[in-house]
Amino acid sequence: MNRPAQGATDAADTAANPVAHQSRPRQQLGAELRRLRDMAGISGRELAKRVGISQSTLSRIEAGHVVPPLPQVLDWAKEVGAEADCRDSLRALTEAAHTPEVHDWAASLAQRPHLQDDVRAFEEDAHVVLNFQPALVPGLLQTADYARRVFDTFDPPYSPDALAAALAARLDRQRVLYDPAKRFEFLITEAALRFRPGPHRVLLAQLDRIISIETLDTVVIGVIPQDIEASSTIPHGFVIYENEDHALASAEPIVGNMVTRGPELVDTHRRRWEALTRMALFDTDARVFLAELRDEIHRIATN
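Residues numbered from 1 in each chain as written. Predicted model: local features only at pLDDT ≥ 70, side-chain atom pairs only at ≥ 80, totals over all residues. Heavy atoms only, no water.

## Re the overall build of the chain
Here's step 1: When helices and strands are tallied, the chain shows 14 helices and seven strands.
Here's step 2: Dimensions along the principal axes, computed over C-alpha positions, put the chain at roughly 80 × 40 × 35 Å.
Here's step 3: Considering only contacts within the chain whose residues lie at least 6 apart along the sequence, 79% involve residues at least 24 apart.
Here's step 4: Here the chain has roughly 15,100 Å² of accessible surface; of this, 52% comes from carbon and sulfur atoms. (Helix = DSSP H or I, 4+ residues; strand = E, 2+ residues; numbered from the N terminus. Contact = heavy atoms within 4.5 Å. Areas by Shrake-Rupley, 256 points an atom, 1.4 Å probe, with all protein chains shown as cover.)

## What to know about a nonpolar patch on the surface
Here's step 1: Together, Val 102, Ile 254 and Val 255 give the surface a local cluster of nonpolar side chains, amounting to about 310 Å² of exposed area.
Here's step 2: With respect to the helices and strands, the residue Val 102 is situated in strand β1 (residues 101-104).
Here's step 3: The class of Val 102 is partly exposed, set by a relative accessible area of 34%. (Patch = residues over 30% accessible without salt bridge, like charges linked within 9 Å, V, L, I, M, F, W, Y side chains within 5 Å. Salt bridge = Lys/Arg side-chain N within 4 Å of Asp/Glu carboxyl O. Buried < 20%, exposed > 50% of the residue type's maximum accessible area, 1.4 Å probe, protein only.)

## A look at unusual backbone geometry
Here's step 1: With omega at 5°, the peptide bond leading from Asp 155 into Pro 156 counts as cis.
Here's step 2: One can find Pro 156 in the loop between α9 (144-152) and α10 (160-173).
Here's step 3: In this model, Asp 283 sits at a positive phi of 55°, which is unusual for a non-glycine residue.
Here's step 4: Mapped onto the secondary structure, Asp 283 falls in helix α14 (residues 283-302).

## Describing the packing of aromatic side chains
Here's step 1: Using the criterion set out here, one finds six aromatic pairs in the structure.
Here's step 2: Relative to Phe 154, the ring of Phe 151 has its centre 5.3 Å away and its plane inclined at 70°; by these criteria the two rings are edge-to-face.
Here's step 3: Taking relative accessible area as the criterion, Phe 151 reaches 1% and is therefore assigned buried.
Here's step 4: An aromatic cluster is defined as three or more aromatic residues linked by ring pairs; in this entry it consists of Phe 151, Phe 154 and Tyr 158. (Phe/Tyr/Trp six-rings, centres within 6.5 Å; stacked < 30°, edge-to-face > 60°.)

## Side note on α9
Here's step 1: Looking only at α9, the buried set comprises Tyr 146, Ala 147, Arg 149, Val 150 and Phe 151.
Here's step 2: Looking at the buried side of α9, the elements it contacts are α8 (116-125), α10, α11 (190-194) and α12 (200-213).

## Some details on the side chain of Arg 173
Here's step 1: Inspection of the secondary structure puts Arg 173 in helix α10.
Here's step 2: The exposure class of Arg 173 is buried, given its relative accessible area of 6%.
Here's step 3: With sequence-adjacent residues up to four places away left out, Arg 173 is seen in contact with Gln 116, Val 119, Arg 120, Glu 123 and Leu 140.

## Considerations on the nonpolar core
Here's step 1: By size, the foremost hydrophobic cluster in this structure holds 33 residues, and its most contacted members are Leu 141, Leu 177, Phe 184, Phe 186, Leu 193 and Ile 221.
Here's step 2: Put simply, the parts of the chain that give this core at least two residues each are α9, β3 (183-189), α11, α12, β4 (219-224), β5 (238-242) and α14.
Here's step 3: Here the element with the most residues in this core is α12; it accounts for six residues.
Here's step 4: Ignoring sequence-local partners within four residues, the contact set of Phe 184 consists of Val 129, Leu 140, Val 176, Leu 177, Thr 218, Val 219 and Val 220.
Here's step 5: Of all hydrophobic cores here, the second largest spans 21 residues; its members include Leu 47, Ile 53, Ile 61 and Leu 90. (Core = buried A, V, L, I, M, F, W, Y, C linked by side-chain atoms within 4.5 Å.)

## Description of the environment of His 103
Here's step 1: Here His 103 lies in strand β1.
Here's step 2: Here the alpha-carbon distance between His 103 and Glu 252, two residues 149 residues apart in the chain, equals 9.6 Å.
Here's step 3: If sequence neighbours within four positions are ignored, His 103 has contacts with Ser 108, Val 255, Gly 256, Asn 257 and Val 259.

## Quick look at helix α3 (residues 44-51)
Three or four residues apart is the spacing at which side chains of an α-helix point the same way, because the helix has 3.6 residues per turn.
Here's step 1: Among the residues making up α3, those that are buried are Gly 44, Leu 47, Ala 48 and Val 51. Projected onto a plane normal to the axis of α3, the buried residues spread over an arc of 105° and lie on a single side. Facing away from the buried surface of α3 by more than 90 degrees, the exposed residues are Arg 45 and Lys 49.
Here's step 2: For α3, the secondary structure elements touched by its buried residues are α2 (25-40), α4 (55-62) and α5 (70-79).
Here's step 3: Two residues or fewer after α3 comes Gly 52, characterised by a positive phi angle close to 90°. (Arc of directions from axis to C-beta.)

All we've got here are geometric facts, nothing functional implied.
Next comes the structure, spelled out in structure tokens:
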């Protein structure tokens, strides 16, 4: 009889505790779903067919890489014959797995010099990346000088060696922009485009790079002018990483990195993205805006 494992019950009991971040409910949810499937004697291929997902998606769910929506979890529970208390445990684990994960900067950097490899993993796994930045140029578009000066402002500060490693890793990440199998869409506010972490020459070089990158077939750049009529408030920056079977959203509040995997919360980010898109200039309009902004900054720099 398919009852919840003791570990799953304990995880469900502690999932609502905000200090229990190390319980990793999405991994526990995946492990419990796999345990139930194994106990029911159903192959991954067969269960995937019954639940209406691909076998690769099922494998990623069981590994804790993909967080399934609650209706899908309940369908899974039904197919494996889970009892009522087991379904309740799965519901609690699913709700916990949908809660955003916040990773404190200081703790995340305690054992490694930078976090660029974490971001690289999201970018390499995604087919489509939607990146909104209201305050500064997105990392994938930054020049080396601009990026170095941005890293210089971090708190806690980087050591010289860690700063060099972070800068090299950020620049290496940018190779993904040239992958023809991917698409990158950027929404950048005028305020972000005017953000100047150094002399005017740094910003001029940065604008030149954006103008150049915009010509890539894999890249779409939208700019949101300051005087545009607003159809949405401007939130914090966020990035949506989309694949064929899952998506996640990432943001960077002051305290650390926040990753959202729950489908409903990711859809909330998508709706905000669509609202912001309605405020943006694209294609020729964006190119004209960027060129005029660059000319303005050049005039200021040379006066």
